[in-house]
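Working through the structure, step by step
Listed below, chain by chain, are the residues.
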Amino acid sequence: MIFVKDKEIVVPGDVLADEEYHTGRGTFREKNNILSSLVGLVAIRDKKISVIPLQSKYIPKRGDVVIGKITDIRFSMWNLDINSPYSGFLPASDVFGKEKRELSRTFDVGDVLFLRVVDVDEVKKVKLGLKGRGLGKFRGGILINITPTKVPRLIGKKGSMINMIKDETHCDVVVGQNGVVWVKGEPEMERVAEKVIKMIEEQSHTSGLTDRVRNMLLEILGEIQEESEDLEGSEEEEENREEFIQ
Amino acid sequence: MVSIIPEITRESVVYLIKEGKRADGRAFDEYREVSLETGVINKAEGSAKVKLGNTQLVVGAKTQIAEPFSDTPKMGVLMTNSELLPMAAPNFEPGPPDENSVELSRVTDRCIREGKVVDLEKLCIIEGKKVWMIFLDIHVLDYDGNLQDAAVLGAVAALMNTKVPTATVENDEVILDHEKMIPLPFNEKALMCTFAKIGDELVLDPSLEEEEIMDARISIGMRADGSICAMQKGGKKPITRDEILKAVNIAKNKTEELRKYLE
Amino acid sequence: MIKITVESDLSTGTETSARADGRAFNELRPLKISAGVLERADGSAYLEMGGNKVLVAVYGPRELHIRHMMQPDKAVLRCRYNMAPFSVDDRKRPGPDRRSVEISKITSEALTPAVFLEKFPRSTIDVFIEVLEAEGGTRCAGITAASVALADAGIPMRDIVVACAAGKSNGQVVMDLSEAEDKEGEADLPIAMMPRTGEITLLQMDGHLTGEEFERAIDLAVEGCMKISEEQKKAIKERYGD
């Protein structure tokens, strides 16, 4: 027996199904029933029932890629805030090997890095590493925080959503599984991407989101184009003319 | 607890401002959306709730009869207090007011006192013995930048909203008539404008992000006639004479703009 | 504003009301709850009940910097109940007093059984309850709003804890005492519970009740909790436009 519909909003303590079903994330079993432990959307896959939370904190998992901010430098490691109840550390040896070098010359407090979670031990110490493609320090760009559980929605099916943002704004976008997003492009376009990403976060639980995002992008970009045409219309004409001459 | 600002965030905000832009799209001299409600707390003799962008605070005024200070026997007493509640930001700690909270209270107090918002002399009931004492408590609920302007706006609105019972003196005794509530002797709508200095620019009503990276801050309290009643320079970097004068100039129009919310 | 309409056709409705505010003996004060009202907090809720105005913010789970408080196998749930200086008739001096320290403690204990603290070892979940205006029953209002704020923050829970008081006023056992009823009344019995299982997570009592009156009072408090519980769920779902 199931008592809820797919994608229905439920709250903690709501009874979702009976023992015929299996407990997925965001649920727990009590006696013969499966209940929700979160505010979220019901997701039914075969006989497994889960609740996708609408709000959550990032809990580090080995293998995840995250965006972290250096908060402190110790003798042989950097401490990082990874937007989680558990802070992370990057051992100096991961960067320098056996060589002894001054840590702050490489990465300083306030630097933002793209890292991989190498290990999470029993006392929740989160070991981070930089070995892997694309990992390292960010230069320029802006940071946007979203609820970590909305990361899959931001990326979209096979990256459809994130690629649309990249294509329309011509920005680089890197998404950490901890809900931190880095965007770099023309400053004006960075803010457009920020607006769109915030909108996706807010409306992640609604359907038809991809179309709305596309419309929003086209609308904002259209406005910007009009503005710049008004302002620089004559200049552009001039440039075009030069092209013809060439 | 200090929060560490990512270097790239600092760079991006500074860069935008250098280009004449702000991250939230505002002009340099533009306030965020302001909303003001008064009379929100029935148990307070006066109250106001201010929302400035996402910054939210409530100001409550409580009145009681007390002895005046010995150096001002003919004047009512105004006490301004503020609390940066731990609910308002992740780095606000519970406990007695810290230096930021004390500064907020004192600068607000200065603007109201020197701006002669309330005629304290008219709050005297028996010289040297009985005066009205007004407690203004600023309760910060959500911190998203520029508490100062929100606090002064809320404090003035709460004072305008305050009513006390009529007090008469018979045989050296104060008799209060709670049937006849009267407003405070209200004088002047002195308000405050705060600017953040970022690079070589001044931006009005700094957002949280701007406040976190600003070099310096300047607050200007102004009466309706454009005269200045209070000022405070904050932040760890200096500010020039010209910048101060520029801020004063902008504050004239902008305090006027804020004053409309008090009508 | 959400007004609770209490059906007068209940089987117990034959008893007449002699309450100052004209409520039936088993009627709540008007109640309004909204979730997600603050920008900075991880979760928040605002509640009005009668003249009570209570705001709650939740932060966490977050890193706990005080080592000796850290629990190796679970999160700690810290609560701070605080009254605004202007929330009461005579201005309250800012800062904690013995009453608010006690309420903070029992609030934390009332909420703890519902929260899956074991999911976040070595961290803290902080609940800040601000009473902006008090009109009797603020501890219950605080707990009710705190549960909504916890749910809003995405904290996993077994149930949404809810609180309500019953008591005796004017010789009558009544639900949800107002300030006047509490001051002049004969007894006050605030409870908090997990509505699904009926388990009670907070119980206090002061005053004087016979065994039979106590039983009726606790039943009334539970009945009040069940009504408030519906409003909590509604508030959470409303935030997401449902």
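Residues numbered from 1 in each chain as written. Chains lettered and ligands numbered in written order. Predicted model: local features only at pLDDT ≥ 70, side-chain atom pairs only at ≥ 80, totals over all residues. Heavy atoms only, no water.

So, about the pattern of salt bridges. Residues and elements named next belong to chain C. Taken as a whole, this structure holds 52 salt bridges over all chains when the rule is applied. One salt bridge in this structure joins Glu-48 and Lys-32, with 4.0 Å as the shortest N-O distance. Of this pair, Glu-48 sits in strand S2 (residues 43–49) while Lys-32 sits in strand S1 (residues 31–35), and the two are 16 residues apart along the sequence. Judged by relative accessible area, Glu-48 falls into the buried class, the value being 14%. (Salt bridge = Lys/Arg side-chain N within 4 Å of Asp/Glu carboxyl O. Helix = DSSP H or I, 4+ residues; strand = E, 2+ residues; numbered from the N terminus. Buried < 20%, exposed > 50% of the residue type's maximum accessible area, 1.4 Å probe, protein only.)

Under the domain assignment used here, chain A contains domain 1 (9–53), domain 2 (65–137) and domain 3 (142–220). On a C-alpha basis, the centres of domain 1 of chain A and domain 3 of chain A stand 29 Å from each other. (Domains from an automatic or database assignment.)

Bringing the environment of Leu-221 of chain A into the picture now. Residue and element names in this part refer to chain A. Mapping Leu-221 onto the fold places it in helix H6 (residues 209–245). Considering only alpha carbons, one finds Leu-221 and Met-77, 144 residues apart in sequence, at a separation of 44 Å. Ignoring sequence-local partners within four residues, the contact set of Leu-221 consists of Glu-168, Met-189 and Val-192. (Contact = heavy atoms within 4.5 Å.)

Attention now goes to the interface of chain B and chain C. Each side of the interface is counted separately: chain B has 29 residues, and chain C has 31 residues. Overall, the association of chain B and chain C removes approximately 2,500 Å² of surface from exposure, summing both partners, and the carbon and sulfur fraction of that is 58%. Ranking the residues of chain B by area buried against chain C places Lys-43, Lys-62 and Met-87 of chain B at the top, with a combined share of 29%. For the pair chain B and chain C, the number of links is 2 salt bridges. A salt bridge links Glu-179 of chain C to Lys-43 of chain B, with the nearest nitrogen and oxygen atoms 2.6 Å apart. Counting across the chain B and chain C interface gives 17 residue pairs in polar contact (both at pLDDT 80 or more). Sorting the residues of the side of chain B that touches chain C by element identifies strand S3 (55–66), strand S4 (77–84) and strand S6 (130–142) of chain B as the ones contributing at least two each. (Buried area = accessible area lost by both parts, 1.4 Å probe. Polar contact = N/O pair within 3.5 Å; in protein donor to acceptor, adjacent residues only side chain to side chain.)

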